Amino acid sequence: MTIFFAILFMVATLVMVVGLGLKIAQYARTPAPLKIPTTPAPLTKPGVAFRLGREALMFESLFKGNKPLWLFAMIFHLGLAVVLIRHVRYFETSVGPLVALVQPLAQPAGLAMVAGLLLLLARRVVIERIRYITGKSDILMLVLLIAIGASGMAMKCLVHTDIVAVKAFFTGLMGFELRPLPTDPLLAVHLLLVAALMIIFPFSKLLHAPGLFFSPTRNQTDTPREHRHLCDWAAKLEEKRS
Amino acid sequence: MAAPFDTPELGNVEERRIPALKVGAMAESKPYVAAAAHQEPLGFPGVLEEGWEKKAIGHMGELLSKYRSLQVFMDICVKCGACTDKCHYFLGTADPKNMPVARQDLFRSVYRRYFTPMGKIAPNLVGARDLTKDVLDEWYNYFHQCSQCRRCSVFCPYGIDTAEISMAARDIMDSIGQGQKYCNEIIGKVHKIGNNLGLPAPALLDTLEGLEEDMEAETGVAVKLPIDVHGAEVLLVTPSADFFAEPHILGLMGYAKVFHAAGVSWTLSTLASEAGNFGMFIGNYEQMRKISLRIREAALQLGVKRIIFGECGHAWRVAYSFLNTLAGPWDFLDPRYPVPQHILEFTNDLISRKGIKLDKSGNDGMVLTVHDSCNVARGARMGDTPGGQFTIPRAVIQASVPKFVDMHPDTICEKTFCCGGGGGLLTDELIELRVKGSAPRMEALKDVVEREGVTHMAAMCAICKAQFTKILPYFGHDREMVVSVHQLVSNAIILGDND
């Protein structure tokens, strides 16, 4: 089992990092030929950074659009953020200050994450419009995240696993050294699902995380009259112009 | 002609009623397909030919590599549904495919099938579809039920703009011979005759002369409508409806009076006798560029120093946001002024420095509200600060009329509703869509009519004006309830008192 998970996590990490890298490179490489910020838009680059910051951290547009959904999304994402920071302790030999800071929040955050996910899932079933636009993959993604959260919470609160050994496994793996992973079915399920999530990340709607920062309606300054915006392929058309 | 239909019942704007889904309610709604005679002059195939599927996918791939917006928007939607109750066509028709995300998914399902690993391996799981004739027909019908107004993009947590997707879909359809008659016929007229209405130069000169006579008879002042005047300071580019239809024409007279009162020399151009640029509606960069270059040519030819645009929504988006890209640089114009300027920026500036005087009693008895045009509100700006596109028109209206009130805050400024006829949909065969799509705006208008005694609604877009003139009677209003912003200026401006 140790060898299986060692290989799985190396593959999953590779797929996620390379896949995301390729996607980000594609977004960065693809030109935006026209100025299309949704106006009113900031006039300066710091203004754009502030707009993107508000979108990424506060979900500003979603707040304008749908308050209950904003709340559910916030509950889930904040919970997830704390849980992710908290998990850093399994990858570092000495625990950093940020990780220590969120340590007491681990349990409420885990609960918030799962509760947020359940609320998001309930919307997809209950609200007619959302049911209409929901595909199988949308449900599966929520179920996957809920299963990851639930298996993690079960280990945290009900059937404790040997986290010292888990930490040894991952810190070892980071130096390409095999250390035994506890043979615990809950842990196996948790890790299997996390690896699956990592592998599908670059091929799924989870791309919304990096994609937001490449969204031309949000990341462009509103300065078309002041500065001429011209992409490479559009510039080529000009060669023919008198 | 379209089959008879019921005008929607208007609810209470405060309740923000969201309709229950009526699957397929607008499945049959579609504009006339372009004939070969409309397609071929634009370089598009005349008709749908054998092998179109492959060609369409090839063109889709090309657009994905040329437009970051399209590539990113295809990938990052999480189907959260924040947009589902934001589109005026959904609110007015209840057809679920008019929910922005569902409209996007018509395109995204094909993208996934041909361009993503998941769509190739497990199409069923991720809702991926082959591009079949049925899918193409669905595209044609529903991508012509989007007015590209960008309201959905305001509320999307990632800024996904359905307009970008409907533009891409229309461009792909043009590239395989499935174009829309209304837009492509009009673009042909711009290239051939110089404007969307197909008004030839002699007829235009005649019209302007007649209007000059009318203005002189009415005011006693010889206000001119100059055209093709070399060496004028300002080139005014305005939608051709301003030469032809009411209330547009009353706005044109307003521009002329402002120029007259300010003592600024100006000219229209027969070459660029159209501000509108339907190249945007069909999502075709080259058409949009070709249409824009006429304006450059006219400015060079006439030796003007400034370019000012008349009241037109999508024209202002193309002018403000794209003209520098498409037809710049403008280094041969006077660098002290932005290129281009909006006529409302020009007039507002004159009002604020008392360069023109207005007498509100010229509009006695009128209570005004304003319809923010979608392309002005969410695709452009006026003035130096974000949101100037909201404050400047209001300042000009308030300076011209005795009473002004705004409609419900969820229906104005960046949250404004489309008039229902934008984006290349202002054609008779789509009248059912246009009436139903205008319902959210009509609901907000009804509210201020009942509460505040509003008598008129000002618009700053040729399409909005034409659309409202047509659909207001369906909701029990007079067609003349919609007015041009510069019509109000025209009624209020004091002429012949210039020193």
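Residues numbered from 1 in each chain as written. Chains lettered and ligands numbered in written order. Predicted model: local features only at pLDDT ≥ 70, side-chain atom pairs only at ≥ 80, totals over all residues. Heavy atoms only, no water.

Quick notes on the overall build of chain B
Part 1 of the argument: A tally of helices and strands in chain B yields 22 helices and eight strands.
Part 2 of the argument: On C-alpha atoms alone, chain B measures out to a radius of gyration of 23 Å, which is about the 23 Å that the 2.2 N^0.38 rule sets for 499 residues.
Part 3 of the argument: Expressed along its principal axes, the backbone C-alpha trace of chain B runs to roughly 75 × 50 × 40 Å.
Part 4 of the argument: Evaluated residue by residue, chain B yields a buried proportion of 67% over its 499 residues.
Part 5 of the argument: Here the contacts in chain B between residues at least 6 apart in sequence split such that 80% fall between residues at least 24 apart.
Part 6 of the argument: Of the roughly 16600 Å² of accessible surface on chain B, a fraction of 51% belongs to carbon and sulfur atoms. (Helix = DSSP H or I, 4+ residues; strand = E, 2+ residues; numbered from the N terminus. Rg over C-alpha atoms; globule rule 2.2 N^0.38 Å. Buried < 20%, exposed > 50% of the residue type's maximum accessible area, 1.4 Å probe, protein only. Contact = heavy atoms within 4.5 Å. Areas by Shrake-Rupley, 256 points an atom, 1.4 Å probe, with all protein chains shown as cover.)

Looking at the UniProt feature "domain: NarG-like" (unreviewed entry) in chain A
Part 1 of the argument: Taking the numbering used here, the UniProt-annotated feature "domain: NarG-like" (unreviewed entry) corresponds to residues 66–209 of chain A.
Part 2 of the argument: A distance of 19 Å separates the end C-alpha atoms of residues 66–209 of chain A, which is 74% helix and 0% strand. (UniProt positions renumbered as here; feature names shortened; annotations may be inferred.)

Examining the interface of chain A and chain B
Part 1 of the argument: Taken residue by residue, the interface counts 60 residues in chain A and 81 residues in chain B.
Part 2 of the argument: For the pair chain A and chain B, the summed buried area comes to about 5800 Å², and 58% of that belongs to carbon and sulfur atoms.
Part 3 of the argument: Of all residues in chain A, the largest losses of buried area upon contact with chain B belong to Arg-129, Tyr-132 and Arg-225 of chain A, amounting jointly to 15% of the total for that side.
Part 4 of the argument: Taken together, chain A and chain B are joined by five salt bridges.
Part 5 of the argument: Between Glu-226 of chain A and Arg-381 of chain B there is a salt bridge, with the nearest N and O atoms lying 3.8 Å from each other.
Part 6 of the argument: At the junction of chain A and chain B, the tally comes to 41 residue pairs in polar contact (both at pLDDT 80 or more).
Part 7 of the argument: Elements with a minimum of two residues in the side of chain A that touches chain B: α1 (2–29), α3 (60–65), α6 (106–126), α7 (128–133), α8 (136–157), α11 (208–211), α12 (216–219) and α13 (232–238) of chain A.
Part 8 of the argument: It is α7 of chain A that provides the largest number of residues to the side of chain A that touches chain B, a total of five residues.
Part 9 of the argument: Of the residues in the side of chain A that touches chain B, the class split is 27 nonpolar, 15 polar and 18 charged. (Buried area = accessible area lost by both parts, 1.4 Å probe. Salt bridge = Lys/Arg side-chain N within 4 Å of Asp/Glu carboxyl O. Polar contact = N/O pair within 3.5 Å; in protein donor to acceptor, adjacent residues only side chain to side chain. Nonpolar A, V, L, I, M, F, W, Y, C, P; charged D, E, K, R; others polar.)

Let's talk about the layout of surface pockets
Part 1 of the argument: Taken as a whole, the second largest pocket encloses approximately 920 Å³ of empty space.
Part 2 of the argument: Forming the boundary of the second largest pocket are 37 residues, of which Arg-16, Arg-17, Ile-18, Pro-19 and Leu-91 of chain B lie nearest the centre.
Part 3 of the argument: Elements that contribute at least two residues to the lining of the second largest pocket include exactly α3 and α4 (67–87) of chain A together with α4 (88–93), α9 (151–155) and α20 (439–452) of chain B.
Part 4 of the argument: When grouped by side-chain class, the residues that make up the lining of the second largest pocket number 16 nonpolar, five polar and 16 charged. (1 Å grid on protein atoms, 1.4 Å probe; cavity = no way out; pocket = protein on both sides within 12 Å on 5 of 7 lines; lining within 4 Å. Points joined across faces, edges and corners; volume = space filled by probe spheres on them.)

Some details on the pairing of strand β1 (residues 234–237) of chain B
Residue and element names in this part refer to chain B.
Part 1 of the argument: Alternating residues of β1 divide into Val-234 and Leu-236 and Leu-235 and Val-237, and every residue in both groups is buried.
Part 2 of the argument: The pairing of β1 with strand β2 (residues 266–267) spans two bridges and is parallel. Each bridged residue has a counterpart across the sheet, and for Val-234 the counterpart in β2 is Trp-266.
Part 3 of the argument: Note on the crossover from β1 through helix α13 (residues 248–262) to β2: the handedness is right-handed. (Pairing = 2+ DSSP bridges. Right-handed = clockwise from strand over helix to strand, strands pointing away.)

Details of the sheet that holds β2 of chain B
Residue and element names in this part refer to chain B.
Part 1 of the argument: With parallel pairing, four strands are arranged side by side in an open sheet as β2-β1-β3-β4. Because the sheet does not close on itself, it has two edges, and the strands there are β2 and β4 (341–342).
Part 2 of the argument: Where helix α14 (residues 285–302) meets the sheet, it contacts β1, β2 and β3 (306–309), and its direction lies at approximately 150° from that of β1. (Axes fitted to C-alpha atoms, helices over the stretch in contact; angles between N-to-C directions.)

Digging into the side chain of Thr-267 of chain B
Residue and element names in this part refer to chain B.
Part 1 of the argument: Turning to its location among the elements, Thr-267 is positioned in strand β2.
Part 2 of the argument: For Thr-267, a relative accessible area of 0% corresponds to the buried category.
Part 3 of the argument: With sequence-adjacent residues up to four places away left out, Thr-267 is seen in contact with Pro-226, Ile-227, Asp-228, Val-229, Ala-232, Val-234, Leu-235, Leu-236, Leu-302 and Val-304.

Remarks on empty space enclosed by the protein
All names here are of chain B.
Part 1 of the argument: For the coordinates displayed, the defined rule picks out six cavities of 30 Å³ or more.
Part 2 of the argument: Within this model, the largest cavity holds a volume of roughly 230 Å³.
Part 3 of the argument: Where the lining of the largest cavity is concerned, the elements lending two or more residues are α3 (68–76), α10 (162–175), α14 and α15 (313–327).
Part 4 of the argument: Considering only residue class, the lining of the largest cavity consists of 15 nonpolar, three polar and three charged.
Part 5 of the argument: Both domains that meet at the lining of the largest cavity, namely domain 1 (13–186) and domain 2 (193–405 + 454–492), each give it at least three residues. (Domains from an automatic or database assignment.)

Details of the UniProt feature "transmembrane region" (unreviewed entry) in chain A
Residue and element names in this part refer to chain A.
Part 1 of the argument: On the UniProt side, "transmembrane region" (unreviewed entry) is annotated at positions that read residues 6–25, 69–88, 108–127, 139–166 and 186–204 here.
Part 2 of the argument: A distance of 28 Å separates the end C-alpha atoms of residues 6–25, which is 100% helix and 0% strand.
Part 3 of the argument: Annotation note: span residues 108–127, helix share 95%, strand share 0%, distance between end C-alpha atoms 28 Å.

Quick word on the packing of aromatic side chains
Part 1 of the argument: Scanning the entire structure with this criterion turns up 20 aromatic pairs over all chains.
Part 2 of the argument: Between Phe-5 of chain B and Tyr-474 of chain B, the aromatic rings sit 6.1 Å apart at their centres with planes inclined by 20°, giving stacked as the arrangement. Of this pair, Phe-5 of chain B sits in the segment before α1 (36–39) while Tyr-474 of chain B sits in the loop between α21 (462–471) and β8 (482–484); the two residues are 469 residues apart in sequence, bridging distant segments of the chain.
Part 3 of the argument: A relative accessible area of 35% means that Tyr-474 of chain B is categorised as partly exposed.
Part 4 of the argument: Ring centres of Phe-259 of chain B and Phe-346 of chain B lie 4.9 Å apart, and the angle between their planes is 35°; this geometry places the pair in the tilted category. Linking Phe-259 of chain B in helix α13 with Phe-346 of chain B in helix α16 (residues 343–352), this pair joins segments that are 87 residues apart in sequence.
Part 5 of the argument: Site record: aromatic cluster; members linked through ring pairs are Phe-9, Phe-91, Phe-169 and Phe-170 of chain A.
Part 6 of the argument: If you follow Lys-67 of chain A out to its NZ or CZ, it ends over the ring of Phe-63 of chain A, 4.3 Å from the centre. (Phe/Tyr/Trp six-rings, centres within 6.5 Å; stacked < 30°, edge-to-face > 60°. Lys NZ or Arg CZ within 6 Å of the ring centre and 35° of its normal.)

Let's talk about the domain arrangement of chain B
All names here are of chain B.
Part 1 of the argument: One can read the domain layout of chain B as domain 1 (13–186) and domain 2 (193–405 + 454–492).
Part 2 of the argument: Relative to domain 2, the C-alpha centre of domain 1 lies at a distance of 31 Å.
Part 3 of the argument: Contacts between the two partners involve 17 residues from domain 1, matched on the other side by 14 residues from domain 2.
Part 4 of the argument: Roughly 1500 Å² is buried in total at the junction of domain 1 and domain 2, and carbon and sulfur atoms are behind 52% of that figure.
Part 5 of the argument: The three residues of domain 1 that bury the most area against domain 2 are Arg-150, Met-167 and Ile-186, which together make up 32% of that side's buried surface.
Part 6 of the argument: On the surface where domain 1 and domain 2 come into contact, there are zero salt bridges.
Part 7 of the argument: There are seven residue pairs in polar contact (both at pLDDT 80 or more) connecting domain 1 and domain 2.
Part 8 of the argument: Put simply, the parts of the chain that give the side of domain 1 that touches domain 2 at least two residues each are α9, α10 and α11 (181–192).
Part 9 of the argument: With five residues, the single largest contributor to the side of domain 1 that touches domain 2 is α10.

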